[in-house]
Amino acid sequence: MLSGNDESFKTAMEEVSAYLQEATDRTEDEKLVEALQSSIDQNSQMIQIMSDEDLTLTEKTSKVQNAGSAAECEKNGLRE
């Protein structure tokens with residue numbers, strides 16, 4: 001990321017999301033499905049933010065932190 005190689009990050013995160021999706025498809029545990037889907041959604045959001053060439057690294061970091069805070073609040077039934 002620091003060297004500007006966003007593509008390798010994107011590829012790695014997409015692979016992680018694919019594994020999570022495979023686990024989601026195989027389980028019947030609804031709570032696990034919900035948690036895995038949340039992780040997939042967060043990964044997708046992270047990919048979008050980190051792949052945005054119009055943002056500086058500082059802006060990307062800030063957006064990722066804000067996205068994480070919002071997800072944590074939502075998970076705990078709180079509003080940010």
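Small disclaimer: the values here were computed from a predicted structure and weren't measured.

Peer 1: What is the right way to look at the overall build of the protein chain in this model?
Peer 2: Counting its secondary structure elements, the protein chain contains three helices and zero strands. The N-to-C order of helical and strand elements in the protein chain reads α-α-α. Looking at the protein chain residue by residue over its 80 residues, the buried ones come to 21%. Sequence-distant contacts in the protein chain: of pairs separated by 6 or more residues, those separated by 24 or more amount to 36%. Accessible area of the protein chain: about 6100 Å², with a carbon and sulfur share of 48%.

Peer 1: Please clarify how a negative patch on the surface should be interpreted in this entry.
Peer 2: A cluster of acidic residues, Glu-28, Asp-29, Glu-30 and Glu-34, forms a negative patch at the surface. Position of Glu-34 relative to the elements: it lies in helix H2 (residues 30-50). For Glu-34, a relative accessible area of 60% corresponds to the exposed category.

Peer 1: Sorry, what's going on with the environment of Gln-21 here?
Peer 2: Checked against the element boundaries, Gln-21 lands in helix H1 (residues 6-26). In the structure, Gln-21 is positioned 15 residues away from Leu-36 in sequence and 7.3 Å away in space, judged by C-alpha atoms. If sequence neighbours within four positions are ignored, Gln-21 has contacts with Gln-37 and Ile-40.

Peer 1: I would appreciate a short explanation of the confidence of the model for the protein chain in the present structure.
Peer 2: Note that predicted coordinates carrying low pLDDT should not be read in detail. Across the protein chain, pLDDT averages 83, with 78% of residues at or above 70. At the low end of the mean pLDDT range in the protein chain sits helix H3 (residues 57-75), at 77; at the high end sits H2, at 92.

Peer 1: Looking at this model, I keep getting lost on the nonpolar core. Mind explaining?
Peer 2: Taken as a class, soluble globular proteins show a tendency for nonpolar side chains to be buried jointly. Of all hydrophobic cores here, the largest spans six residues; its members are Phe-9, Met-13, Ile-47, Ile-49, Met-50 and Ala-67. Listing elements by their share of this core, those giving two or more residues are H1 and H2. The contact partners of Ala-67, leaving out residues within four places of it in the chain, are Gln-45 and Ile-49.

Peer 1: How should the environment of Thr-11 be read in this particular structure?
Peer 2: Within the secondary structure layout, Thr-11 lies in helix H1. For Thr-11, a relative accessible area of 41% corresponds to the partly exposed category.

Peer 1: Looking at this structure, how should I read H2?
Peer 2: Given 3.6 residues per helical turn, the α-helix brings residues three or four places apart onto the same face. End to end, H2 covers 30 Å across 21 residues, agreeing with the expected 30 Å (1.5 Å per residue, within 8%). If you check which residues of H2 are buried, you get Leu-36, Ile-40, Asn-43, Ile-47, Ile-49 and Met-50. At the N-terminal boundary of H2, the capping side chain belongs to Asp-29, with an oxygen 3.0 Å from the backbone nitrogen of Lys-31.

Thresholds applied
- Residues numbered from 1 in each chain as written.
- Predicted model: local features only at pLDDT ≥ 70, side-chain atom pairs only at ≥ 80, totals over all residues.
- Heavy atoms only, no water.
- Helix = DSSP H or I, 4+ residues; strand = E, 2+ residues; numbered from the N terminus.
- Buried < 20%, exposed > 50% of the residue type's maximum accessible area, 1.4 Å probe, protein only.
- Contact = heavy atoms within 4.5 Å.
- Areas by Shrake-Rupley, 256 points an atom, 1.4 Å probe, with all protein chains shown as cover.
- Patch = residues over 30% accessible without salt bridge, like charges linked within 9 Å, V, L, I, M, F, W, Y side chains within 5 Å.
- Salt bridge = Lys/Arg side-chain N within 4 Å of Asp/Glu carboxyl O.
- Lys, Arg positive; Asp, Glu negative; His and termini not counted.
- Charge placed at Lys NZ, Arg CZ, Asp CG, Glu CD.
- pLDDT = per-residue confidence, 0-100.
- Core = buried A, V, L, I, M, F, W, Y, C linked by side-chain atoms within 4.5 Å.
- Expected span 1.5 Å × (residues − 1).
- Polar contact = N/O pair within 3.5 Å; in protein donor to acceptor, adjacent residues only side chain to side chain.

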